[in-house]
Amino acid sequence: MAAYLCPPAVIHGEHAVETSQIVAEVRNRHPHAAWAPRIDGIAASTGIETRGWMLPLETAVAPGNGGGLGAVGLGSAQEALAHDGFTQQDVDRVIAALDAIPTPQTVQERTAPAWEAVQSYGERAARGALQIAGLDAADIDCLITSHSTTPALPGLDIALANKLSLRNDVMLLPATQWACIAGTRSLALAADLVAADPDRVVLVVIAEALSTTYQPADDTLESLIVRLLFADTAVAAVVTGRPRRESVLRLDAAWHHTLPGTQDLHRLETRSDGTHFVMDRRGPRAVQETVTAMWEWLRVRYQDHPDSWHPDVLLAHPGGTRVLEYMEQTMPDAWPAGLLDYSRDSYTSGNRGGAAVFDIMRRAHDAGQKPGSRAVLYAAAPGLTATALEGEWL
């Protein structure tokens, strides 16, 4: 398989959103929710004090531009009121009152500014990755992109092809529905591409504005957790088929796994007021099944060295700290402690979705890894599906 990865560029959301701000906003909006008395404990249990968003919190909670008449229109409302015998003065008064009612933002109002931000952040990450790799845009042969929270056609691949002035013959591979698995699966695909042509240079760019799933009107416990967890991040990295001076990690093998009948556990739903992330409480247990399957893949892969092989670092994005705890509990006893430290560190500033594994990898790289150290990269995503890679630090 042998693919070579340069250090990723990571661009965090520039607007710091404190957990205390979210708690105050939600408590004020939903004072009678069943979970309201427990909101402080729920927020503290995430371990997240602040996260970076591409747009400020005020943008997410602002009312829509249209008033309460938006659904029926001014003319229809006036006609209906007049037909029911209201005087013109009463009609005018009712119309004014209806028009003053704040309404949620439309899907267009929520998505349009986030899509602009995703493109801007994606470009910054891409240019950073090229600089890190010592390459120019003209050197890129293939571009893989992912951005599941801001659906658009054309997508991020076309936007970046124009913004970066990529060659006209560059292969563009958009993957807008990879979501949380975008980091590992994009690298697995890139590795396959350079295996077919070792001279090929692949640029991977993932930009996620997960804050677009912040829905002020939702009052479920799951919606509260979504508000508290997500962060916005753009990442990018260069993958080559031959080692470069800038290469830091060699990818040696990839593994994929999908659990049948789990497609409804986590999902994005597009409604009139924007994108909603829907979670099922059975999700973590299903993710744990993919972890168990990954352990078996590694066991079989190194069955000739059962006592001597172990990863030196695990770069894992299983969706939350609960599954990280399960990973620690179920990994072989002989493996060293602290394998998931960089994963845990990343979670303290939010769940970054598809960008998470690159962020975790960057943290591990910056901390310094000895040449020859073994690494396992893992992520799970709605579907429920998982991809892992195994490789060696250079």
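About the thresholds
Residues numbered from 1 in each chain as written. Predicted model: local features only at pLDDT ≥ 70, side-chain atom pairs only at ≥ 80, totals over all residues. Heavy atoms only, no water. Core = buried A, V, L, I, M, F, W, Y, C linked by side-chain atoms within 4.5 Å. Buried < 20%, exposed > 50% of the residue type's maximum accessible area, 1.4 Å probe, protein only. Helix = DSSP H or I, 4+ residues; strand = E, 2+ residues; numbered from the N terminus. Domains from an automatic or database assignment. Contact = heavy atoms within 4.5 Å. UniProt positions renumbered as here; feature names shortened; annotations may be inferred. Phe/Tyr/Trp six-rings, centres within 6.5 Å; stacked < 30°, edge-to-face > 60°. Lys NZ or Arg CZ within 6 Å of the ring centre and 35° of its normal. Buried area = accessible area lost by both parts, 1.4 Å probe.

An unreviewed UniProt entry annotates the chain as Polyketide synthase of Streptomyces diastatochromogenes.

> Would you mind going over the nonpolar core with me for this structure?
It is characteristic of soluble globular proteins that their nonpolar side chains tend to be buried jointly. Membership of the largest hydrophobic core comes to 39 residues, with the highest contact counts inside it found for Leu-187, Val-202, Met-361, Leu-377 and Trp-393. Take this core: its biggest share by element is seven residues, from helix 8 (residues 182–196). Residue contributions to this core reach at least three from each of two domains, namely domain 1 (3–62 + 105–240) and domain 2 (249–393). Filtering out sequence-adjacent residues up to four positions away, Val-202 remains in contact with Cys-142, Ile-144, Ala-190, Leu-193, Val-194, Ala-237, Val-238 and Val-239. Ala-117, Ala-126, Leu-135 and Val-170 belong to the second-largest nonpolar core, a separate cluster that totals 32 residues.

> Can you walk me through unusual backbone geometry in this structure?
Apart from glycine, the bulk of residues carry a negative phi angle, and the bulk of peptide bonds sit in the trans form. Cis geometry is adopted by the peptide bond preceding Pro-154, which originates at Leu-153 and carries an omega value of 0 degrees. The topology assignment puts Pro-154 in the loop between strand 5 (142–146) and helix 7 (156–163). Gly-383 connects to Leu-384 through a cis peptide bond whose omega is -10 degrees. Turning to its location among the elements, Leu-384 is positioned in the loop between strand 13 (374–381) and strand 14 (385–393). At Ser-165, a residue that is not glycine, the phi angle is positive and equals roughly 55 degrees. Assignment of secondary structure puts Ser-165 in the loop between helix 7 and strand 6 (171–174). For Ser-165, a relative accessible area of 58% puts it in the exposed group. You will see that Ala-179, though not glycine, has its phi angle at about 55 degrees, which is positive. Looking at Ala-179, the relative accessible area reads 16%, which means it is buried.

> Which parts of the structure should I look at to understand helix 7?
Along an α-helix, residues three or four apart share an orientation, since each turn contains 3.6 residues. Every buried residue belonging to helix 7 is among Leu-156, Asp-157, Ala-159, Leu-160 and Ala-161, and all of these are buried. As for helix 7, its buried residues are in contact with helix 6 (107–133), strand 5, strand 6 and strand 7 (201–209). In the segment just after helix 7, Ser-165 is the residue with positive phi, at about 55 degrees.

> Can you walk me through the UniProt feature "domain: Chalcone/stilbene synthase N-terminal" (unreviewed entry) in the chain in this structure?
The UniProt feature table records "domain: Chalcone/stilbene synthase N-terminal" (unreviewed entry) at residues 105–242. In residues 105–242, helix accounts for 43% and strand for 20%; the two terminal C-alpha atoms are 49 Å from one another.

> For this particular structure, what's the right way to read the packing of aromatic side chains?
Here a ring pair, both rings aromatic, is described through the centre-centre distance and the interplanar angle of the planes. Applying the stated criterion across every chain yields a total of six aromatic pairs. Here the aromatic rings of Trp-255 and Trp-297 are separated by 6.1 Å at their centres, their planes lie at 20 degrees, and the arrangement is stacked. One end of the pair, Trp-255, is in strand 9 (residues 249–258); the other, Trp-297, is in helix 10 (residues 283–301), and 42 residues separate them in sequence. One exposure class covers both Trp-255 and Trp-297, and it is buried. Pairing Trp-309 with Trp-335 gives two aromatic rings, centres 5.9 Å apart and planes at 80 degrees, and the pair type is edge-to-face. Taken together, the positions of Trp-309 in the loop between helix 10 and strand 12 (313–317) and Trp-335 in the loop between helix 11 (321–330) and helix 12 (341–347) put the pair 26 residues apart, joining distant regions of the chain. Accessibility assignment for this pair places Trp-309 and Trp-335 in one class, buried. Feature note: the residues Trp-295, Tyr-302, Trp-309 and Trp-335 constitute an aromatic cluster, connected by ring pairs. A cation over an aromatic ring shows up here: Arg-124 above the ring of Tyr-121, its NZ or CZ 4.9 Å from the ring centre. Sitting above the plane of the Tyr-214 ring, Arg-227 keeps its charged end 5.2 Å from the centroid.

> What's the story with the domain arrangement of the chain in this structure? I'm lost.
Where the parts come together, the accessible area they lose is often given as the size of the interface. Domain boundaries in the chain define domain 1 (3–62 + 105–240) and domain 2 (249–393). On a C-alpha basis, the centres of domain 1 and domain 2 stand 18 Å from each other. Facing the 49 residues of domain 1 at the interface are 43 residues of domain 2. A buried area of about 3,800 Å², summed over both sides, lies between domain 1 and domain 2, and 65% of it is on carbon and sulfur atoms.

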